[in-house]
Amino acid sequence: QVQLVESGGGLVQPGGSLRLSCAASEKIFNIASMGWYRQAPGKQRELVATITRGGTTNYADSVKGRFTISGDNADNIVYLQMNNLKPEDTAVYYCNFKAPQYISTINYWGQGTQVTVSS
């Protein structure tokens, strides 16, 4: 079974930076988009950023200008560069790949990586 493996989380001070990575354990074909979501304690999972096969990016308003998503669709890897981190960015971050299959879409999820922003 294909797994998405994340890395790069950790503890960082406000204003600091982290880079998250996510790669598939096996080749996934026909990925339409890759993205990052996050879930803070007591809150619902929310979209952080996505990038389509064609390279179009989309960001949550709260991270625009601070976070950058990039990746290689063919190599099944996606990154999230996070700069000027704030305490409210503290959450578990999940990567997601969407792969349309006939009339449905397969969603692949990573196991999550903790990001904690604190002094």
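Read on for a plain summary of the structure. (Residues numbered from 1 in each chain as written. Predicted model: local features only at pLDDT ≥ 70, side-chain atom pairs only at ≥ 80, totals over all residues. Heavy atoms only, no water.)

Let us now look at the state of the cysteines. The final tally for this structure, using the stated rule, is one disulfide. There is a disulfide in this structure between cysteine 22 and cysteine 95, and the S-S distance comes to 2.0 Å. Across the S-S bond of cysteine 22 and cysteine 95 the torsion is about 50°, and the bridge reads as right-handed. You can see cysteine 22 sitting in strand S3 (residues 18-24) and its partner cysteine 95 sitting in strand S9 (residues 91-101), a full 73 residues away along the chain. The exposure class of cysteine 22 is buried, given its relative accessible area of 1%. Take cysteine 95: its relative accessible area is 0%, and that puts it in the buried class. (Disulfide = S-S within 2.5 Å. Helix = DSSP H or I, 4+ residues; strand = E, 2+ residues; numbered from the N terminus. Buried < 20%, exposed > 50% of the residue type's maximum accessible area, 1.4 Å probe, protein only.)

Let us now look at the packing of aromatic side chains. Evaluation of the coordinates by the stated rule reveals one aromatic pair. Considering the side-chain rings of tyrosine 37 and tryptophan 109, the 5.1 Å spacing of their centres and the 65° angle between planes classify their relative orientation as edge-to-face. Here the residue tyrosine 37 occupies a position in strand S4 (residues 33-39), and tryptophan 109 occupies one in strand S10 (residues 104-109), the gap between them amounting to 72 residues. In this structure tryptophan 109 comes out as partly exposed when scored by relative accessible area, which is 35%. Sitting over the ring of tyrosine 79, arginine 19 keeps its end group 3.9 Å from the ring centre. Lysine 27 extends its terminal NZ or CZ atom over the ring of phenylalanine 29, reaching a point 5.6 Å from the ring centre. (Phe/Tyr/Trp six-rings, centres within 6.5 Å; stacked < 30°, edge-to-face > 60°. Lys NZ or Arg CZ within 6 Å of the ring centre and 35° of its normal.)

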